[in-house]
Amino acid sequence: MKRAVESIIVLLLTLGLIGCTKFNGSSKAADDEIKLLIHLDLKEDIGLLILDINVNGVETTGGISTVDRTMLKQDELLYWSLYKREYENPEGMANVSIRFRIITEYCDPNYENEYPEELTVLLEPLLLSMDFGTDCHITITGDHRNGYMAILDQP
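Rules used throughout
Residues numbered from 1 in each chain as written. Predicted model: local features only at pLDDT ≥ 70, side-chain atom pairs only at ≥ 80, totals over all residues. Heavy atoms only, no water. Phe/Tyr/Trp six-rings, centres within 6.5 Å; stacked < 30°, edge-to-face > 60°. Lys NZ or Arg CZ within 6 Å of the ring centre and 35° of its normal. Salt bridge = Lys/Arg side-chain N within 4 Å of Asp/Glu carboxyl O. Helix = DSSP H or I, 4+ residues; strand = E, 2+ residues; numbered from the N terminus. Buried < 20%, exposed > 50% of the residue type's maximum accessible area, 1.4 Å probe, protein only.

(A) View of the packing of aromatic side chains. Scanning the entire structure with this criterion turns up zero aromatic pairs. Directly above the aromatic system of Tyr83 lies the positively charged group of Arg85, at a separation of 4.5 Å from the ring centroid.

Spelled out as structure tokens, the structure:
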């Protein structure tokens, strides 16, 4: 019984930390949203993708993993949404900083987004100015040996 409860808690934590999943629906951002479309173009699979985000001085963090505890695929397309309500409902252009952290091996997600230093690779932050209601296309390239890079794409 205790093991079943622990399994349910881990599943709920995982679901709570999953900021996006693959879906076949529309990818157009709503009026109160900036939708990140993140294409992994890597040479290997990765464990987790952590996003440290600052919008007009309001900081949030979140992570993307799989429900079935497998690695994120090297060519996966991921979605993450930034909603106005999470950033004190800014008006006009939002100043956005996104720093990705790649966790090179699968680790169980946690709310603190703290993972072993030897498995964590920090990418250079992307600095953007954008309106809510827009999509932001990002590609992450590279590998553990040569390094990773996040690049803002033109849609």
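(B) Main features of the pattern of salt bridges. Under the criterion given, the structure shown has six salt bridges. Between Arg101 and Asp52 there is a salt bridge whose closest N-O contact spans 2.8 Å. Of this pair, Arg101 sits in strand E5 (residues 94-103) while Asp52 is found in strand E2 (residues 48-55), placing the two residues 49 residues apart along the sequence. Overall, the relative accessible area of 14% leaves Arg101 in the buried class. The exposure class of Asp52 is partly exposed, given its relative accessible area of 23%. For Arg69, the salt bridge goes to Asp108, with nearest N and O atoms at 2.5 Å. Remark: Asp108 occurs in the loop between E5 and strand E6 (120-122) and Arg69 occurs in the loop between strand E3 (58-64) and strand E4 (77-83); sequence separation between them is 39 residues. The exposure class assigned to Arg69 is partly exposed, which follows from its relative accessible area of 42%.

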